[in-house]
Amino acid sequence: MKRFFAAIMAPLIAVQPLSALDNEEQIWSIAIHGGAGVIKRENLSPEREAAIRAKLDEALAKGSEILKSGGASMDAITAAIMVLEDDPNFNAGKGAVFTWDGKNELDTSIMDGKTRNAGAAAGVQYTKNPILLARAVMDNSRHVLLSGAGADQFSLEQGLEQVDPQYFYTQSRFDSLQRYKAAQIKRDAANAAAKASLKDIQTDALGRAYRFGTVGAVAVDKDGNIAAGTSTGGTTGKRWGRIGDSPIIGAGTYADNRSCGISATGTGEYFIRLAVAQEICSRLRHRFRREIDKAQLTVPKDAEGNYTYIVHAREFELSDKQVQEEADAVIAELGDIGGDGGIIYVTPVGQSGFSFNTEGMYRARSDSNGTKVIAIYGDE
Ligand code: ASP
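As a convention, each chain's residues are numbered from 1 in the sequence order in which they are written. Side-chain atom pairs in this predicted model are given and counted only at pLDDT of 80 or more, local residue features only at pLDDT of at least 70, and totals for whole chains, interfaces and linings cover all residues. Calculated side-chain values reflect all of the structure's heavy atoms, with hydrogen atoms and water omitted.

The subject of this paragraph is the pattern of salt bridges. Any carboxyl oxygen of Asp or Glu within 4 Å of a side-chain nitrogen of Lys or Arg constitutes a salt bridge here. For the structure shown, the criterion picks out 23 salt bridges. Here Arg41 makes a salt bridge to Asp379, at a shortest N to O gap of 3.1 Å. Placement of the pair is Arg41 in the loop between strand E1 (29–37) and helix H2 (46–68) and Asp379 in the segment after strand E12 (372–377), with a sequence separation of 338 residues. According to the relative accessible area criterion, Arg41 is partly exposed, its value standing at 45%. To sort residues, take the accessible area from a 1.4 Å probe on protein chains only and compare it with the maximum for the residue type: under 20% means buried, over 50% means exposed, and anything in between is partly exposed. By relative accessible area, Asp379 is classed as exposed at 59%. Across the pair Asp107 and Lys238 runs a salt bridge, and its minimum N-O distance is 4.0 Å. Helix and strand definitions follow DSSP, with helices as H or I runs of at least four residues and strands as E runs of at least two, each counted in order from the N terminus.

This is the structure in structure tokens:
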């Protein structure tokens, strides 16, 4: 009997993915970010810090409410991201950084962990809430990534709210562009531009980040569905149609019900090179498999040498520590190639967290267990 049990269960274990896990406890979980970079206490006025914390709180509450009442993770992350896109303190939507030519070119992406369907747009200039465009690309087109004038055209045809590009203008971001250009022109004159690392040219003489404030959200809903999204203006002074990681599925955004949801922020080139978001999800999927196999080895065998109990994927989950380890390992690798930034994550069983190698990261998370965290500095 035992042998029969083992014989039919063993193949089941092999094919039963984590996505099959019934969310019996009706858990939900959401994490959001508003960018990672050089955030020092001395560079942030108390008023600005309070405004940023309040906005993170508002965005978190918006997403949490939707999840609490049984809504979809896709709706929760969209709502949370829109709150941050509308706020001039963040580098997404209003408040986006400027390109070298003094324009705001917005990048965004979204992904559904159930179907692994995705949508993204790069270099758009007229959509008030770019995350809605990413979603429209996912839901209403055959494509995954649209760019430039074509993406703007699609946005218009979709009936999304269009704004005069002047809407995105903020004085502080414009000033930041002027400082950036002056520093770059000086580097060019000294013939040092090519040698300067991307990371270094993203901070000014006072150590203030030029590109700071990309936004993103990841969530798992009561049905166990994961969604992830990211929205940004990119990096200050970007040229030649530069596209960062934020609209690249697998680099800046990824969602897979079997493993995790990720949204990234940082110097995008490094995130693209490591496919950071997808890499973390892959690692979690493989770690899950390895840990189940290890757990099975600890089960006693009967007289005939068969396991007395089969560890089933449905009753197994990675520990919080194991999940964090995998995220941290990828961010460490990012650091090894010279990259800076961070990610937020959620897992199918509602674990959530952050991993970053910068001084700070605007971040927040909450879940059905009553967890609520809002933080800025690395030591919080
Ligand atoms: N990742 C974004 C980019 O490279 C910028 C950021 O996250 O601050 O475009």
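Right, let's get into the sheet that holds strand E7 (residues 253–256). One open sheet holds the four strands; their spatial order is E7-E8-E9-E10, and the pairing between them is antiparallel. If you trace the sheet from one side to the other, it starts and ends with E7 and strand E10 (352–356), each paired once. Adjacent strand axes in the sheet meet at a mean angle of 15°, parallel and antiparallel pairs treated alike. Where strand E9 (residues 341–346) meets E10, five bridges bridge the pair, whose relative direction is antiparallel. Bridge pairing in E10 places Val346 opposite Ser352. Pairing between two strands is assigned when DSSP locates at least 2 bridges connecting them. The angle between two axes is taken between their N-to-C directions and runs from 0 to 180 degrees, where each axis is a line fitted to C-alpha atoms and a helix contributes only its stretch in contact.

So, about the sheet that holds strand E3 (residues 117–124). Taken in spatial order, the eight strands line up as E4-E3-E2-E6-E5-E1-E11-E12 in an open sheet, and their pairing is mixed. Looking at which strands have only one partner, the edges of the open sheet turn out to be strand E4 (145–147) and E12. Each neighbouring strand pair of the sheet contributes to a mean axis angle of 5°, computed without reference to strand direction. Pairing between strand E5 (residues 215–220) and strand E6 (residues 226–232): six bridges, direction antiparallel. In the sheet register, Gly216 faces E6, and the bridge partner there is Thr230.

By definition, disulfides here are pairs of cysteine sulfur atoms that lie within 2.5 Å. A full pass over the atoms with the stated rule returns one disulfide. Covalent S-S linkage joins Cys260 and Cys281, the inter-sulfur distance amounting to 2.3 Å. Because the sign of the S-S torsion sets the handedness, a value of about -115° for the bond joining Cys260 and Cys281 places this disulfide among the left-handed ones. Of this pair, Cys260 sits in strand E8 (residues 260–266) while Cys281 sits in helix H8 (residues 276–297), placing them 21 residues apart in sequence. As far as burial versus exposure is concerned, Cys260 and Cys281 are alike and both buried.

Between its first and last C-alpha atoms helix H9 (residues 320–336) spans 24 Å; for 17 residues at 1.5 Å apiece the expected length is 24 Å, and the two agree. For H9, every residue scored as buried is listed here: Gln322, Val323, Glu326, Ala327, Val330, Ile331 and Leu334. Count one or two residues on from H9 and you reach Gly338, which has phi positive near 95°. Expected span of a helix, by definition, is 1.5 Å for each gap between consecutive residues, and there is one gap fewer than residues.

Time to look at the pairing of E1. Across the nine residues that make up E1, a large majority, nine, are buried. When E1 meets strand E11 (residues 360–367), the two strands line up antiparallel, connected through seven bridges. The partner of Ile30 across the bridge, within E11, is Ser366. Of the pairings in the sheet, the one linking E1 to E5 comprises five bridges and is antiparallel in character. Across the sheet, Ala31 pairs through a bridge with Val218, a residue of E5.

This paragraph deals with the packing of aromatic side chains. Each Phe, Tyr or Trp ring (for Trp, its six-membered ring) is paired with any other whose centre lies within 6.5 Å, and the angle between the two planes then decides the class: stacked below 30 degrees, edge-to-face above 60, tilted in between. Under the defined criterion, the tally for this structure stands at seven aromatic pairs. Residues Phe98 and Phe174 carry aromatic rings whose centres are separated by 5.3 Å and whose planes lie at 80° to one another, so their mutual orientation is edge-to-face. Of this pair, Phe98 sits in the loop between helix H3 (73–85) and strand E2 (106–112) while Phe174 is found in helix H6 (residues 171–189), placing the two residues 76 residues apart along the sequence. The exposure class of Phe98 is buried, given its relative accessible area of 2%. Since its relative accessible area comes to 28%, Phe174 is described here as partly exposed. Each ring, one from Tyr169 and one from Phe174, has its centre 5.4 Å from the other, and the planes form 40°; the classification is tilted.

Shape descriptors only; they carry no functional weight alone.
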